[in-house]
Amino acid sequence: MNTKHRHSGQSQGTPPPHGRTPHQKLRRTLRTALAAGLGVTLLSGCGSEQLITFGDMASGYNREVAFMSIFAIALSIIIFVGVSYALFFTVNKFREEKNTAEPAQFHGNNRLEIILVVVPVIIVMFLAILTVRSMAILNPVADTSTKIDVLGRQFWWNFSYPETKADAGGTVANGNEMIMPTRQDVALTITSGDVIHGFWAPNVGGQRAAMPATLKTWNVDTDRAGVYQGNCSQLCGGSHANMRYKVVALDQERYNTFLAAAKAYRAPEPAADSAEARGYAIFMQGKPATGALACAACHRVQGTPAAGAAGPDLSFFGTRRTLGAGMWEFMEAENQWETPRAKEILHEWLKHSPQVKPGSLMPTYDGSEYLAGGKKVKGGVLTDEELDDVAAYIRSLKLPEEANYWNDTPVYGSPDAAQNAPAKIAKTSSPTPGGNQ
Ligand code: CUA
């Protein structure tokens, strides 16, 4: 079933800049109230410039849930008011100083007892039908949906595209930044590699738990291109709060460009004697003389022999703007990785990531101790120059610029975006109801 344009009248259309009709004004006021009230925002942490926002009606999933909630909330209010009225009425009417005799009893009043049973049963059945109806609309996954596999691990995410085999071998994947198309159901299949995690990006739909040895599939969607914040929503260990990700929704054409470039991508070959070339050698082999382990044992880089699966996919690391599963962000429009702050943090991260992110399973490279399989071991040693060479190599792993999913994609929930976000709700291209085929 197709959910994407359900109740979509609520969020479509560009409000004219001047001379709004009363109806549009009301909608705008409602939207502002929603943002201020329902749309409570949570700071998503020390490093993040982006807030998690609720009540995003650009998602068909959220529209369906809101539609269902209107009835549930309305019924709750009616019941609350009714019960409160009955309570205060009774307490007032039968106050002891007014009534010394025992009040009339209705035990054995069949009519009243039947009403008291039947009315709640009808209410519960009505709510159950509403819920089942929404589930029947939201849960089915169409064959034509774009499919993304989600893997949660302590403390990062991998997003892979099972239908897109890379020309260089393996499946197209990205760590901690999920790219999805707009205006269609995107079927996510989630699992966990260790403990239970929770995928929660409320702008695109409902959350799901990532359970070890269990696959669960559900739909998310949004009508609006943008960068959205995602967080792990299940307490999963020391860096639960540092297990973030970005959802980048792109309009179909840009999404296709990304996917085609990702499919054709091969990691660039470093020029001889460059920092990148020295970094590549360490990345692939480590430095056995000092016990420094190879990055390639745990990370995949498409188009190289590096095919490790114990850590996030690094194929497009240089295109990403987050580090340490969103613990740090480099959202500047240009030269994100070239800024002194980014260089310094990346250096510290490579040098001893367990010291800058609790529970990180990466080895240390400054000879300090870290936990491996529950045991304390001593890390190998790379010099500061060698660490910078590795940093230079992974920074060079970039998608072609036309496939850079960050370019001009509005960031929702960041202080910069807050000002002009409503204008960007306007649709910028025609819907593609036929899916991505
Ligand atoms: Cu993973 Cu909390």
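What counts as what
- Residues numbered from 1 in each chain as written.
- Predicted model: local features only at pLDDT ≥ 70, side-chain atom pairs only at ≥ 80, totals over all residues.
- Heavy atoms only, no water.
- Helix = DSSP H or I, 4+ residues; strand = E, 2+ residues; numbered from the N terminus.
- Buried < 20%, exposed > 50% of the residue type's maximum accessible area, 1.4 Å probe, protein only.
- pLDDT = per-residue confidence, 0-100.
- Contact = heavy atoms within 4.5 Å.
- Salt bridge = Lys/Arg side-chain N within 4 Å of Asp/Glu carboxyl O.

K.L.:
Teacher, can you tell me more about unusual backbone geometry here?
P.N.:
The bulk of non-glycine residues show a negative phi, and the bulk of peptide bonds are trans. Residue F155 is bonded to the preceding Q154 through a cis peptide linkage, with omega at 0°. Counting through the fold element by element, F155 comes out in the loop between β3 (146–153) and β4 (156–165). For A213, which is not glycine, the phi torsion reads 60° and is therefore positive. Relative to the helices and strands, A213 is located in the loop between β9 (208–210) and β10 (216–220). With relative accessibility at 84%, the residue A213 sits in the exposed group. Not every positive phi belongs to a glycine, and A325 is a case in point at roughly 55°. Here A325 is to be found in the loop between β13 (322–323) and β14 (328–329). Exposure remark for A325: the relative accessible area of 3% places this residue in the buried category.

K.L.:
Before we go on, may I ask you to explain the confidence of the model for the protein in this structure?
P.N.:
As a general rule, the predicted coordinates of low-pLDDT regions are not to be interpreted in detail. On average, residues of the protein score 85 in pLDDT, and 84% of them are at 70 or above. Summarising per-element confidence for the protein, the mean pLDDT is lowest in strand β1 (residues 42–43) (40) and highest in strand β6 (residues 177–181) (98). Counted against residues more than four places away or in other chains, residues 32–46, with its pLDDT under 50, gives 23 contacts. Below pLDDT 50 for its whole length, residues 418–437 participates in 31 contacts with residues either more than four positions away or in separate chains.

K.L.:
In this structure, what is going on with the pattern of salt bridges? I would like to understand it.
P.N.:
Any two side chains of opposite charge can pair, given that their charged atoms come close. Taken as a whole, this structure holds 15 salt bridges when the rule is applied. When the shortest N-O distance is used, the salt bridge between K263 and D167 registers 3.2 Å. Linking K263 in helix α4 (residues 252–264) with D167 in the loop between β4 and β5 (171–175), this pair joins segments that are 96 residues apart in sequence. Between D313 and R300 there is a salt bridge, with the nearest N and O atoms lying 2.7 Å from each other.

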